[in-house]
Amino acid sequence: MKQKIDKGCHGHLNEYKKLHIIHAIICIVVIIGLVVTGIMIYGSRRSVFTIVACIMAIPLAERLIGLGIVFNYSSIKRDNYNKLKEAGISEKLIFDITVSNGEKIIYLPVVFINSENTLIFTEKAINDEKYYKETIRKVFDLNELNVEFCNDIDTFINNINNLENDKPETDMQEMLEALGV
């Protein structure tokens, strides 16, 4: 059996999406099966089977909402992850983080955080970098935090290696709990 990928680790978002798709399909099949069974047994939709099918719509809606929020996002490509691993910095990074300011969800594929800097790798260019930086500072509750984006993996690795204090201030689990992930 495949081991679950923890939050903050590479591939978590892709696994999350696959799991939600599978759960949604199972819920749909169960709902249809319950309604059809009720019609076959009682000759009508007015049965306890229909009531149970309606109740099954709640977990289906939960899965579809969760899937809808992250559907357009995906973990970084395997070759970029392998470059991070080869550089020996993958254990210093947090992967697949979504943060929200109450208005919009922001997806951060790869994040490096130390006491003064936050470096974020995205495979696509950020449209509104200023908005992202303000939101990240607000979510992390650090106004003086230097936030930099990079969409070239080699530059991202060099930036991390060039920082004098490249050891994260807290371990990854503490940071994830602080982010509310």
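Residues numbered from 1 in each chain as written. Predicted model: local features only at pLDDT ≥ 70, side-chain atom pairs only at ≥ 80, totals over all residues. Heavy atoms only, no water.

**Q** What is the right way to look at the packing of helix α1 (residues 12–42) against helix α2 (residues 48–70) in this model?
**A** Two packed helices can be described by the angle between their axes and the distance between those axes. Direction vectors running N to C along α1 and α2 enclose 160 degrees, while the axes themselves pass 9 Å from each other. By the angle class used here, α1 and α2 are roughly antiparallel. Both α1 and α2 take part in a crossing whose hand is left-handed. Residues that form the contact of α1 with α2 fall into these classes: 22 nonpolar, five polar and two charged. (Axes fitted to C-alpha atoms, helices over the stretch in contact; angles between N-to-C directions. Helix = DSSP H or I, 4+ residues; strand = E, 2+ residues; numbered from the N terminus. Parallel < 35°, antiparallel > 145°, perpendicular 65-115°, else oblique. Left-handed = near helix turned anticlockwise from the far one by under 90°. Nonpolar A, V, L, I, M, F, W, Y, C, P; charged D, E, K, R; others polar.)

**Q** Any chance you could explain the nonpolar core here in plain terms?
**A** Most often, soluble globular proteins have nonpolar side chains that are buried together. Of all hydrophobic cores here, the largest spans 16 residues; its most connected members are Leu84, Leu93, Val110 and Phe156. Here this core gets four residues from one element, more than from any other, and that element is helix α5 (residues 153–162). Ranked by size, the runner-up nonpolar core spans 15 residues in total, among them Ile136, Phe140, Leu145 and Val147. (Core = buried A, V, L, I, M, F, W, Y, C linked by side-chain atoms within 4.5 Å. Buried < 20%, exposed > 50% of the residue type's maximum accessible area, 1.4 Å probe, protein only.)

**Q** How should unusual backbone geometry be read in this particular structure?
**A** Peptide bonds are, in most cases, trans, and in most cases residues other than glycine have a negative phi. A positive phi angle, near 55 degrees, is found at Asp96, a position not held by glycine. Examined against the element boundaries, Asp96 turns out to sit in strand β1 (residues 94–100).

**Q** What exactly am I supposed to notice about helix α3 (residues 78–86) here?
**A** Along an α-helix, residues three or four apart share an orientation, since each turn contains 3.6 residues. Where α3 is concerned, the buried positions are Asn80, Tyr81 and Leu84. Each buried residue of α3 lies within a common arc of 100 degrees when the element is viewed along its axis, so the set occupies one face. For α3, the exposed residues set more than 90 degrees away from the buried face come down to Arg78 and Glu86. Where α3 is buried, its residues touch β1, β2 (105–113), β3 (117–121) and α5. At the exit of α3 stands Gly88, carrying a positive phi of roughly 75 degrees. (Arc of directions from axis to C-beta. Contact = heavy atoms within 4.5 Å.)

**Q** Help me understand the pattern of salt bridges, please; the structure alone is not making it clear to me.
**A** Any two side chains of opposite charge can pair, so long as their charged atoms come close to each other. Counted under the stated rule, the structure contains one salt bridge. Across the pair Lys133 and Glu129 runs a salt bridge whose closest N-O atoms are separated by 3.4 Å. Within this pair, Lys133 and its partner Glu129 are both found in helix α4 (residues 129–140), separated by four residues, close to a single helical turn. Judged by relative accessible area, Lys133 falls into the buried class, the value being 17%. Residue classification places Glu129 among the partly exposed residues on the basis of a relative accessible area of 32%. (Salt bridge = Lys/Arg side-chain N within 4 Å of Asp/Glu carboxyl O.)

**Q** Hey, could you run me through the packing of α3 against α5 in this one?
**A** The interhelical angle for the contact between α3 and α5, taken along N-to-C directions, is 25 degrees, at an axis separation of 10 Å. Overall, the two elements α3 and α5 adopt an arrangement that is roughly parallel. Note on packing geometry: the crossing formed by α3 with α5 is right-handed. Here Asn80, Lys83 and Leu84 of α3 lie close against α5, whose contacting residues are Ile153, Asp154, Phe156 and Ile157. Residue classes in the contact of α3 with α5 are distributed as four nonpolar, one polar and two charged.

**Q** What is the right way to read α5 from this model?
**A** Among all positions in α5, only Ile153, Phe156, Ile157 and Ile160 are buried. The buried side chains of α5 occupy one side of the element, clustering within an arc of 95 degrees when seen end-on. On its buried face, α5 sits against α3, β2, β3 and β4 (146–150).

**Q** Explain the packing of aromatic side chains here, please?
**A** For any pair of aromatic rings, the description rests on two quantities: the centre-to-centre distance and the angle between the ring planes. If you walk through the whole model with that rule in mind, you get six aromatic pairs. Ring plane angle 70 degrees and centroid distance 6.0 Å describe the contact between Tyr132 and Phe149, whose orientation is recorded as edge-to-face. Residue Tyr132 is found in helix α4, and its partner Phe149 is found in strand β4; the two are separated by 17 residues along the sequence. Exposure class is identical for Tyr132 and Phe149. Each is buried. An aromatic cluster is present here, built from Tyr131, Tyr132 and Phe149 joined pairwise through their rings. (Phe/Tyr/Trp six-rings, centres within 6.5 Å; stacked < 30°, edge-to-face > 60°.)

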